[in-house]
Every structure is written in structure tokens, then in C-alpha cells.
Amino acid sequence: QVQLVESGGGLVQAGGSLRLSCAASGRTFSNYAMGWFRQAPGKEREFVAAISWSGGSTLYADSVKGRFTISRDNAKNTVYLQMNSLKPEDTAVYYCAVSPNDRNWWRPNEYDYWGQGTQVTVSS
């Protein structure tokens, strides 16, 4: 069993930045890939970014590439999502998730555990 708790969401103006954190507990965090997804009202959950267990490999959705950075600190059992140059279309609930796999990170079905989500709202 893995517990994930996201934090760092909030209201920010377009062009601003936020840093999301996801604290994990319950298993050896460093054995798993981690991902961030988001879901806007009326839309399906979509992939944002993922990082390998070592941090050596990352993957980004085209919509956030160059603006968002995913990182992790295995000593703190925490994964981060630094979001810069935020746009109103980034408004969503952001979820972190754990995957035992080293491929297909863009697929929600590859993830075993999910956090409760944190709201990010970007005003224009």
C-alpha cells in the first residue's frame, strides 16, 4: 500500500509559477516511477509528466514541455512538479501517481496508486 499526498496548488495569474509536491509513504519510494496527471472540469484525466525511479529519465506532455519540470528526492520520498509560465488552460486538479513499470508512463492504467489531488487555478 502506498499513500500519496499532494500539496502546493493554488491560484496564480497567467505567467506565474507554482511548485507542486507529492509526499509518498508506505513502500520503498525509490523503486517506482512517478507521474503527474491533471483533470479539468468536464475533461478526461491527462498525462502531464513522469520520472523514472532514479530520476534519470523523464517524459513530458507536449503541452507542458519547456514550462514544467518534474524531479524527485528519494531521500525525502517526494516528487515535485515545477510549473512556470502558467496558462489558464493549465487550470485543473493535479494528481500524482506511482507506477511499477518503466514504460508507457502516459497511460493512467500503468499507475497503481493515486493521490487525492491538488487544485491549480490560473487566472487570465
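The numbering scheme is per chain: residues are counted from 1 as the chain's sequence reads. It should be noted that, the model being predicted, local features are given only for residues of pLDDT at least 70 and side-chain atom pairs only at 80 or more, the latter also being counted only at that level, while totals for whole chains, interfaces and linings use all residues. Excluding hydrogens and water, the side-chain figures rest on all heavy atoms present in the structure.

Draft legend 1. Structural context of the state of the cysteines. Whenever a pair of cysteine sulfur atoms sits within 2.5 Å, that pair is classed as a disulfide. Tallying each qualifying case throughout the model produces one disulfide. Bridging Cys22 to Cys96, the disulfide has an S-S length of 1.9 Å. Here the disulfide of Cys22 and Cys96 is right-handed, its torsion about the S-S bond being about 50°. Placement of Cys22 in strand E3 (residues 18-25) and of Cys96 in strand E9 (residues 92-99) is noted, with a sequence separation of 74 residues between them. For the pair formed by Cys22 and Cys96, the shared burial category is buried. Working definition: helices are DSSP H or I runs of at least four residues, strands are E runs of at least two. Numbering for both runs from the N terminus. Partly exposed describes any residue whose relative accessible area lies between the buried limit of under 20% and the exposed limit of over 50%, with all areas from a 1.4 Å probe on protein chains only and scaled to the type maximum.

Draft legend 2. Main features of the nonpolar core. If you look at the biggest cluster of nonpolar residues, it comprises 38 residues, and the most contacted ones within it are Leu4, Trp36, Leu81, Met83 and Tyr94. Elements supplying a minimum of two residues to this core: E3, strand E4 (33-39), strand E5 (46-51), strand E7 (68-73), strand E8 (78-83), E9 and strand E11 (118-123). Whether two residues are in contact is decided by their heavy atoms, any of which lying within 4.5 Å being enough. Those residues in contact with Leu4 that sit more than four places away from it in its chain are Cys22, Ala23, Ala24, Met34, Cys96, Ala97, Val98, Tyr113, Trp114, Gly115 and Gln116. Only buried Ala, Val, Leu, Ile, Met, Phe, Trp, Tyr and Cys residues count toward a nonpolar core, and they belong to the same one when joined by side-chain atoms within 4.5 Å.

Draft legend 3. Spatial organisation of empty space enclosed by the protein. We place a 1 Å grid over just the protein atoms. Points where a 1.4 Å probe fits but has no way out form a cavity, open points with protein on both sides within 12 Å along at least 5 of 7 lines form a pocket, and any residue with an atom within 4 Å of a point lines it. Grid points are joined across faces, edges and corners, and a volume is the space filled by probe spheres set on the points. Tallying each qualifying case throughout the model produces one cavity of 30 Å³ or more. The computed volume of the largest cavity comes to approximately 50 Å³. Considering the residues around the largest cavity, the lining is formed by Val2, Ala24, Ser25, Gly26, Arg27, Phe29, Tyr32, Met34, Asn77 and Val98. Of the residues in the lining of the largest cavity, the class split is six nonpolar, three polar and one charged. The nonpolar class holds Ala, Val, Leu, Ile, Met, Phe, Trp, Tyr, Cys and Pro. Asp, Glu, Lys and Arg form the charged class, and all remaining residues, Gly among them, are polar.

Draft legend 4. The arrangement of the sheet that holds E3 in detail. Strands are labelled as partners when DSSP assigns at least two bridges between them. With respect to topology, four strands assemble into an open sheet ordered E1-E3-E8-E7, the strand pairing being antiparallel. The strands lining the two open edges of the sheet, one partner per strand, are strand E1 (3-7) and E7. The sheet shows a mean angle of 15° between the axes of neighbouring strands, taken without regard to direction. Sheet topology note: the E7/E8 ladder contains six bridges and is antiparallel. Note that in E8 the partner of Phe68 across the bridge is Met83. Axis lines are fitted through C-alpha atoms, for helices just across the contact stretch, and the angle between N-to-C directions can take any value from 0 to 180 degrees.

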